[in-house]
Amino acid sequence: MVFNDTDGVYTYTFEAEKKDDCPSCSTIPVITTFHEDTTLQGLYDYLCENSKFMMKSPTLTTVVEGKNKTLYMPTLEAMETATRLNLKKKLTDLGISDGHEIVVADTTTPKPISVLIKYTYNME
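Parameters and conventions
- Residues numbered from 1 in each chain as written.
- Predicted model: local features only at pLDDT ≥ 70, side-chain atom pairs only at ≥ 80, totals over all residues.
- Heavy atoms only, no water.
- Phe/Tyr/Trp six-rings, centres within 6.5 Å; stacked < 30°, edge-to-face > 60°.
- Helix = DSSP H or I, 4+ residues; strand = E, 2+ residues; numbered from the N terminus.
- Buried < 20%, exposed > 50% of the residue type's maximum accessible area, 1.4 Å probe, protein only.
- Arc of directions from axis to C-beta.
- Contact = heavy atoms within 4.5 Å.
- Salt bridge = Lys/Arg side-chain N within 4 Å of Asp/Glu carboxyl O.
- Pairing = 2+ DSSP bridges.

(A) Up close: the packing of aromatic side chains. Counting across every chain of the model gives 3 aromatic pairs. Ring centres of Y44 and Y72 lie 5.3 Å apart, and the angle between their planes is 90°; this geometry places the pair in the edge-to-face category. Note that Y44 is positioned in helix 1 (residues 40–49) and Y72 in strand 5 (residues 67–72), a separation of 28 residues in sequence. Note on Y72: relative accessible area 6%, which makes it buried. Three or more aromatic residues link up through ring pairs in this structure, and these residues are F34, Y46 and F53.

(B) Quick look at helix 1. Every buried residue belonging to helix 1 is among L40, L43, Y44, L47 and C48, and all of these are buried. One side of helix 1 holds all its buried residues, which, seen down the axis, span an arc of 135°. On its buried face, helix 1 is in contact with strand 3 (30–35), strand 4 (59–64), strand 5, strand 6 (101–105) and strand 7 (113–120).

(C) Main features of the pattern of salt bridges. Throughout the structure, instances matching the rule amount to 2 salt bridges. For D37, the salt bridge goes to K90, with nearest N and O atoms at 3.4 Å. Of this pair, D37 sits in the loop between strand 3 and helix 1 while K90 sits in the loop between helix 2 (77–83) and strand 6; the two residues are 53 residues apart in sequence, bridging distant segments of the chain. Look at K90 and you get partly exposed, because its relative accessible area is 34%. The salt bridge involving E80 is made with R84; its shortest N-O contact spans 2.6 Å. On the basis of relative accessible area, E80 is assigned to the buried category, the value being 14%.

(D) A look at the pairing of strand 7. In this structure, strand 3 lies alongside strand 7, joined through 6 bridges in parallel fashion. In the strand pairing of strand 7, H35 is matched with T120. Of the strand pairs in this sheet, strand 6 and strand 7 are connected by 4 bridges, and their pairing is antiparallel. By the bridge assignment, V103 is partnered in strand 7 with S114.

What follows is the structure in structure tokens.
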């Protein structure tokens, strides 16, 4: 809205657009593909460096065998210390199977994002 003291008020409208696959405002899991030997550090770096995400310090949680599991939480010192060793582990060693969802929360996104893990396998 623009107010012009001598002529009155000028307004205009526009239709807000939304991408169906927007990771920040969509509820659809973002499909990511990794090699079966990828570590949690590899996933963490991907979330920080990939232009689709550009996260600063993502917290990674999931459900394994019906129980909530914090994979890595860098924002709280005690939790970072407790979960730091997970960064060196392979995703498969942490119970993350093909098609598994990981919930990622970060200050750069308004709500947590679901990341669906897909694996590529060596065909020897």
